[in-house]
Amino acid sequence: MAAVSSGTKAPAGQARDASPPAPAAELTIEQLAAEVGMSVRNIRNHHSRGLLPAPEVRARVGFYGPEHVARLRLILDLQADGFNLAAIERLMSASGGSAARLLGLRDAMTAPFESETPEVVTGEELLQRFGAVDPKDVERIRKLKLLVPLGDDRFEVPSPALINAAEQVTELGISLHAALSLVERVSRDCESISRAFVRLYLKELWEPFIAEEEPEERWDEMIDAIRALRAIASEALLAIFKQRMSAEVEAASAELLEKHVKRSR
């Protein structure tokens, strides 16, 4: 079939710090580069641009710690998402330079809804499940990312549940072509709905937060809000769909029965 990663006691009279001590900065710049997979030259460049805090200097040697590692990994992630260094500078500035804040916000926004584990299948297995597929439908499957070619006639299935649903639909006698048309429409509708929820967050929560000059005590609130809204959006969409589906099925059933009665007369 065509194709369709030590608890030490504080001295008497001295208040115990509730926060654990920060891990020591022990990485040289070369070790830091190896840790994050970045060149020393790029690390120096990020430091000169203000994207990376200065190292802790001991005996004229700069040492880097977990905060530097987290910051550089964040930069790499943002670059992979299409942000250039100028945009990353603005983001860092807007967050007070805290990599933890940005990482928390980004993780909250991009975390998957469920831990569905992708599967790997062969072209032969797909042929057995779906039969021969029209080349046009193969292209639609690729665009919808239902299958990701891995080479050697192997494919990754990002959402096994969705592929299983497609198989069940075809077993009912519905063509794969018609099923893919419906998936395309549902995908477009879900994109529009998702955009609406994101705009709701930005307008009602994020923009007022920015207008208040990003108060320190509200950063966790902003991160928690995006996590909560994602769950709320999913539940609301499913609840509304169930209502609308029931209404449509009821209306269609009544119409079918009425036509059947008329033909029987």
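Above this text you will find the structure in question.
Because the structure is a prediction, the values reported are computed rather than measured. (Residues numbered from 1 in each chain as written. Predicted model: local features only at pLDDT ≥ 70, side-chain atom pairs only at ≥ 80, totals over all residues. Heavy atoms only, no water.)

> Please explain the packing of aromatic side chains as it appears in this structure.
Here the distance between the centres and the angle between the planes together describe a pair of aromatic rings. In the structure shown here, the tally under the stated rule is three aromatic pairs. Both rings, one in W206 and one in W219, keep their centres 6.0 Å apart while their planes meet at 75°; by these two values the pair is edge-to-face. Here W206, found in helix α9 (residues 176–211), pairs with W219, found in helix α10 (residues 219–264); they are 13 residues apart in sequence, far enough to count as distant. W219 sits in the buried class, given a relative accessible area of 4%. Relative to W219, the ring of F209 lies with its centre 5.4 Å away and its plane at 90°, an arrangement referred to as edge-to-face. Taken together, the residues F209 in helix α9 and W219 in helix α10 connect sequence positions ten residues apart. Members of the aromatic cluster, joined through ring pairs, are W206, F209 and W219. Across from the ring centre of F63, 4.3 Å away, lies the NZ or CZ of R58, which sits over that ring. (Phe/Tyr/Trp six-rings, centres within 6.5 Å; stacked < 30°, edge-to-face > 60°. Helix = DSSP H or I, 4+ residues; strand = E, 2+ residues; numbered from the N terminus. Buried < 20%, exposed > 50% of the residue type's maximum accessible area, 1.4 Å probe, protein only. Lys NZ or Arg CZ within 6 Å of the ring centre and 35° of its normal.)

> Would you mind showing me how to read the side chain of R218 here?
As for its position among the elements, R218 is in the loop between α9 and α10. The class for R218 is buried, based on a relative accessible area of 16%. At a separation of 3.1 Å, a polar atom in the side chain of R218 contacts the side chain of E221. Look past the residues within four positions of R218 in its chain and what remains in contact with it is F209 and E212. (Polar contact = N/O pair within 3.5 Å; in protein donor to acceptor, adjacent residues only side chain to side chain. Contact = heavy atoms within 4.5 Å.)

> Can you help me understand helix α3 (residues 66–80) in this one?
Every α-helix carries 3.6 residues per turn, so stepping three or four residues along brings you back to the same face. Here α3 spans 21 Å end to end across 15 residues, near enough to the 21 Å set by a 1.5 Å rise per residue. Taken as a whole, α3 has its buried residues at H68, V69, R71, L72, L74, I75 and L78. (Expected span 1.5 Å × (residues − 1).)

> Could you clarify how one ought to interpret the sheet that holds strand β4 (residues 148–151) in this entry?
Two modes of strand pairing occur in sheets, parallel and antiparallel, and in both the strands are linked by backbone hydrogen bonds. Spatially, β3-β5-β4 is the arrangement adopted by the three strands of the open sheet, whose pairing is antiparallel. This sheet does not close on itself; its edge strands, each paired only once, are β3 (119–122) and β4. The mean inter-strand angle of the sheet, taken between neighbouring strand axes irrespective of direction, is 35°. (Pairing = 2+ DSSP bridges. Axes fitted to C-alpha atoms, helices over the stretch in contact; angles between N-to-C directions.)

> It is not clear to me how the pattern of salt bridges should be interpreted in this structure. Could you clarify?
A side chain of one charge can pair with a side chain of the opposite charge if their charged atoms are brought near each other. Counted by the stated rule, this structure contains 15 salt bridges. Of the charged contacts, one joins R73 and E35 as a salt bridge, the two residues approaching to 3.1 Å between their closest N and O atoms. Of this pair, R73 sits in helix α3 while E35 sits in helix α1 (residues 29–36); the two residues are 38 residues apart in sequence, bridging distant segments of the chain. For R73, a relative accessible area of 38% gives the class partly exposed. Between E258 and K262 there is a salt bridge, with its nearest N and O atoms 3.5 Å apart. Within this pair, E258 and its partner K262 are both found in helix α10, separated by four residues, close to a single helical turn. Salt bridges here are not isolated pairs; linked through shared partners, they connect E26, E56 and R58. (Salt bridge = Lys/Arg side-chain N within 4 Å of Asp/Glu carboxyl O.)

> Help me out: how do you make sense of empty space enclosed by the protein in this one?
A probe matching the size of a water molecule, rolled over the atoms, marks out where space remains unfilled. Volume-wise, the largest cavity comes out at about 80 Å³. Every residue lining the largest cavity is counted, ten residues in all, and those nearest its centre are F130, I141, L146, I163 and L176. Elements with a contribution of two residues or more to the lining of the largest cavity: α6 (123–130), α8 (160–171) and α9. (1 Å grid on protein atoms, 1.4 Å probe; cavity = no way out; pocket = protein on both sides within 12 Å on 5 of 7 lines; lining within 4 Å. Points joined across faces, edges and corners; volume = space filled by probe spheres on them.)

> Any chance you could explain unusual backbone geometry here in plain terms?
Excluding glycine, most residues fall at negative phi; most peptide bonds, likewise, are trans. Its identity as a non-glycine residue notwithstanding, K145 has a phi of 60°, on the positive side. The topology assignment puts K145 in the loop between α7 (135–144) and β4. Of note, D153 is a non-glycine position whose phi angle comes to about 60°, a positive value. Topologically, D153 is positioned in the loop between β4 and β5 (154–157).

> Hey, could you run me through the layout of surface pockets in this one?
One number sums up the size of the largest pocket: a volume of about 2,400 Å³. Taken together, 46 residues line the largest pocket, and the ones lying closest to its centre are V186, S187, C190, S194 and L237. Those elements giving two or more residues to the lining of the largest pocket turn out to be α7, α8, α9 and α10. Here the lining of the largest pocket gets 18 residues from one element, more than from any other, and that element is α9. Within the lining of the largest pocket, the residues separate by chemical class into 31 nonpolar, four polar and eleven charged. (Nonpolar A, V, L, I, M, F, W, Y, C, P; charged D, E, K, R; others polar.)

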